[in-house]
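For reference, the chains in residue letters:
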Amino acid sequence: MTNRTLETLSFDNTYARLPESFYAKLNPTPFQSPPYLIHANPAAARLIDLDPEQFTRPEFAGVFGGSMLAPGMEPLAMIYSGHQFGVYVPQLGDGRAILLGEVTNERGERWDLHLKGAGLTPFSRDGDGRAVLRSTIREYLCCAAMQGLEIPTTQALCLVGSDDQVYREQIETGAMLVRMAPTHVRFGTFEIFYYRKQHEQLNILADYVIEQHYAHLKHSADKYARFFVEVVERTAQLIARWQAVGWAHGVMNSDNMSILGLTLDYGPYGFMDDYDAGFICNHSDHNGRYAFNQQPYIGLWNLSCLAQALLPLVEKDVLKAGLDRYQPLFEQEYLTLMRAKFGILNEKTEDDDLIRDFLGLLQGSHADYTIVFRELGAFSSKEGEANERLREHFLNRERFDEWAARYRDRLRSEGSHDDERRARMNRVNPKYVLRNYLAQTAIEKAQQKDFSEIDRLMTLLRDPYTDQPGMEAYAAAPPNWGKHLSVSCSS
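Since the structure is predicted, the reported quantities are computational estimates derived from the model, not experimental observations. Sequence order as written defines the numbering, with residues in each chain counted from 1. Totals for whole chains, interfaces and linings use every residue, but because this is a predicted model, local features are given only for residues with pLDDT of at least 70 and side-chain atom pairs only at 80 or more, for both listing and counting. No hydrogens and no water enter the side-chain calculation; it runs on all heavy atoms of the structure.

J.: How should the overall build of the protein be read in this particular structure?
T.: Secondary structure elements are defined from DSSP: runs of H or I of at least 4 residues count as helices, runs of E of at least 2 residues count as strands, and each element is numbered from the N terminus. From N to C terminus, the protein includes 16 helices and 12 strands. Projected onto its principal axes, the C-alpha positions of the protein cover 70 × 55 × 45 Å. To sort residues, take the accessible area from a 1.4 Å probe on protein chains only and compare it with the maximum for the residue type: under 20% means buried, over 50% means exposed, and anything in between is partly exposed. In the protein, buried positions account for 59% of the 491 residues. Note on contacts: a residue pair qualifies if any of its non-hydrogen atoms lie within 4.5 Å across the two residues. Partitioning the intrachain contacts of the protein with sequence separation of at least 6 by distance along the chain shows that 73% fall at a separation of at least 24. Exposure was quantified through the Shrake-Rupley algorithm and a 1.4 Å probe, taking into account, for residues, occlusion by the shown protein chains and nothing else. Working note: accessible area of the protein is about 19,900 Å², and carbon and sulfur atoms make up 48% of it. Positive and negative side-chain charges in the protein, numbering 52 and 66 respectively, have mean positions lying 0 Å apart. Under this rule, positive means Lys or Arg and negative means Asp or Glu; His and the chain ends count for nothing. Note that the charge is assigned to NZ on lysines, CZ on arginines, CG on aspartates and CD on glutamates.

J.: What is the right way to look at helix H13 (residues 397-413) in this model?
T.: Spacing of three or four residues puts side chains on the same side of an α-helix, whose turn is 3.6 residues. To estimate how far a helix should extend, the number of its residues minus one is multiplied by 1.5 Å. With 17 residues, H13 ought to run about 24 Å at 1.5 Å a step, and its terminal C-alpha atoms sit 24 Å apart, in line with that. When we look at burial in H13, the residues that qualify are Phe400, Trp403, Ala404, Tyr407, Arg408, Arg410 and Leu411. All buried residues of H13 fall inside an arc of 160 degrees around its axis, so they share one side. The exposed residues of H13 that point more than 90 degrees off its buried face are Glu398 and Asp409. Those residues of H13 that are buried are in contact with helix H10 (351-365), helix H11 (369-376), helix H12 (388-391) and helix H14 (418-426). Relevant arc is that of directions from the helix axis to the C-beta atoms, nothing else.

J.: For this particular structure, what's the right way to read the environment of Lys320?
T.: Along the chain, Lys320 turns up in helix H8 (residues 316-323). With a relative accessible area of 49%, Lys320 lands in the partly exposed category. Residues Lys320 and Ser304, 16 residues apart in the sequence, show an inter-C-alpha distance of 8.4 Å.

J.: In this structure, what is going on with the side chain of Ser33? I would like to understand it.
T.: Relative to the helices and strands, Ser33 resides in the loop between strand S1 (23-25) and strand S2 (36-40). Ser33 sits in the buried class, given a relative accessible area of 14%. As used in this structure description, the phrase polar contact means that two N or O atoms lie within 3.5 Å; if the pair is within protein, one of them must be able to donate a hydrogen and the other to accept it, and residues adjacent in sequence are counted only when both atoms belong to side chains. Polar side-chain contacts of Ser33 include one of 3.0 Å to the backbone nitrogen of Asp163. Separated by 2.6 Å, the side chains of Ser33 and Asp164 make a polar contact. Discounting chain neighbours no more than four positions away, the residues touching Ser33 are Ser162, Asp163 and Asp164.

J.: So what exactly am I meant to see when it comes to the environment of Met68 here?
T.: Note that Met68 resides in the loop between helix H2 (58-63) and strand S3 (76-78). In this structure, the C-alpha to C-alpha distance between Met68 and Asn426, residues 358 residues apart in sequence, is 46 Å. Met68 has contacts with Glu59, Gly62 and Val63, leaving out every residue within four places of it along the chain.

J.: Just checking my understanding: could you explain the pattern of salt bridges for this structure?
T.: When charged atoms on two side chains of opposite charge get close, those side chains can pair. We count a salt bridge whenever a side-chain nitrogen from Lys or Arg sits within 4 Å of a carboxyl oxygen from Asp or Glu. Evaluation of the coordinates by the stated rule reveals 38 salt bridges. The partner of Asp467 in a salt bridge is Arg374, with the nearest N and O atoms 3.5 Å apart. Within this pair, whereas Asp467 is found in the segment after helix H16 (452-461), its partner Arg374 is found in helix H11, the two being separated by 93 residues in sequence. A salt bridge links Glu388 to Arg391, with the shortest nitrogen-to-oxygen separation between them at 3.8 Å.

J.: Can you walk me through the packing of aromatic side chains in this structure?
T.: Note on aromatic pairs: each is described by the distance of the centres and the angle between the planes. In summary, the pairing rule links any two rings of Phe, Tyr or Trp, Trp by its six-membered ring, whose centres are within 6.5 Å, and it sorts them by plane angle into stacked for under 30 degrees, edge-to-face for over 60 and tilted for everything else. Counted by the stated rule, this structure contains 33 aromatic pairs. Aromatic pair Tyr326 and Phe330: ring centres 6.3 Å apart, planes at 10 degrees, arrangement stacked. Highlighted residues: Tyr326 and Phe330, both in helix H9 (residues 326-341), separated by four residues, approximately one helical turn. With respect to burial, Tyr326 and Phe330 carry one shared label: buried. Arranged with centres 4.8 Å apart and planes meeting at 15 degrees, the rings of Phe394 and Phe400 form a pair that is stacked.

J.: Where do I start with the nonpolar core in this structure?
T.: Side chains of a nonpolar character, in soluble globular proteins, are inclined to be buried together. To qualify as a nonpolar core, a set must consist of buried Ala, Val, Leu, Ile, Met, Phe, Trp, Tyr and Cys residues joined through side-chain atoms within 4.5 Å. By size, the foremost hydrophobic cluster in this structure holds 131 residues, and its most contacted members are Phe190, Leu434 and Ile454. For this core, the element with the highest residue contribution is helix H6 (residues 223-245), accounting for 13 residues. Grouped together as the second largest cluster of nonpolar side chains are 29 residues, Ala44, Ala70, Leu115 and Leu157 included.

J.: Explain the environment of Ser365 here, please?
T.: Position of Ser365 relative to the elements: it lies in helix H10. Residues contacting Ser365, with those up to four places away along its chain left out, are His393, Phe394, Leu395 and Asn396. One polar contact links the side chain of Ser365 to the main-chain carbonyl oxygen of Leu361, over a distance of 3.1 Å.

J.: Looking at this model, I keep getting lost on the packing of H6 against H8. Mind explaining?
T.: Between two packed helices, what matters for the description is the angle formed by their axes and the separation of those axes. For the pair H6 and H8, the least separation of the axes is 9 Å and the interaxial angle reads 25 degrees. As judged from the angle between their axes, H6 and H8 are roughly parallel. Both H6 and H8 take part in a crossing whose hand is right-handed. Every residue of H8 that contacts H6 at Ala225, Phe228, Val229 and Val232 is listed here: Val318, Leu319, Gly322 and Leu323. Side-chain classes follow a simple rule in which Ala, Val, Leu, Ile, Met, Phe, Trp, Tyr, Cys and Pro form the nonpolar group, Asp, Glu, Lys and Arg form the charged group, and the remainder, Gly included, forms the polar group. Here the contact of H6 with H8 is composed, by residue class, of seven nonpolar, one polar and no charged. Orientation is described by lines fitted to C-alpha atoms, with helices fitted over the stretch in contact, and by angles between N-to-C directions that extend from 0 to 180 degrees. Roughly parallel means an angle under 35 degrees; roughly antiparallel, over 145; roughly perpendicular, 65 to 115; everything else is oblique. Handedness of a crossing follows from how the near helix is turned relative to the far one, being left-handed for an anticlockwise turn of less than a right angle and right-handed for a clockwise one.

See below:
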């Protein structure tokens, strides 16, 4: 791999060559106080062939703190619209983020460098264009957590801090985060041109996305229809993975939906502690539109918004047929993932009831989702074994015993061996997840200029399935103060 410097990154800014109606060109607004590097991610740097030795240069914090540009960058703010909490908003766009440019690595892979917290843009509306230390740490850590869990996600290259004051619910310090993805085009990028009746731009956008990211379709006569179907499939698979790991996005607006099926725009997200199907992680979501158990439906709803935007390019019946693929694919993917979490190898019709009944037991007992699934791996299928440690998580022990007998029979029906099954289950049931209280602890230390907890969590979250010496406390249930932390869109 070529180890590039800031000066020799290979930029090829395809989005900047689209018509001017797609963006506004402008540079980031530097902090008033000197920027400083909080943390940088060597794994993300390798994706763009950047030598991690560059992290120590003062210019690194300058480039990714908005005060200077690297050669080849062509900064711009992307325009889009979207449905927010079910209501169409005609213009949104990058209100606090700027696409610095697109780096191509030596393998030919393209990565956007997207600077969040970069200052005012023409799309900032009533905002200040800034991000705060708290929100950037949460996004930085969760990108790493999702990567470790093998859930499609944007990446995060680095965090740059400042002493500038930013007002949210209270006075906080400003920070910037470099987010990376092959593209930051979202459902809302298509919506804005549809609702503006700018069908030529819509066509250009569809051709651009297919050329750059769905190139295997570009010579197909029905390329737009097939493109939509692939977006449906990626979205269904993504949300199935969220559901299986017990993660809630919090703000599934259509402008927060990636056209590549990536987890995009980390705000008031949350990994569940006690299992609650109706878990709402965003305290601003008063009606529970984006509750955990609503996410599969909202994924379909957002895809219907994208289908609407593609009507000038694809027949309505064809789009509807594409949408009809979503629910069966989501259910199939979710059941496949859940069978793996239960250590079940073969498919049987009764598995759905076995899984649902177990989740019902978790909900009735306020049992910890991550901990119980991890301990389920140690389940003994031997007759007469009470599985006491697992059993203690459940309030209704009699109902658990009934379920355990069914589970034991199910395992025996396919000749399951406990040791082999446990090894398999430990590869899909994480020991560590980014609980809100862990992120909050890292934030509070960082606010005192102690970034050690960020580093510790980044190391832990890269390998969430493996027992890590001295880290048992990070696998435990949260303390009482950490169970119901208030997380809002400003997060």
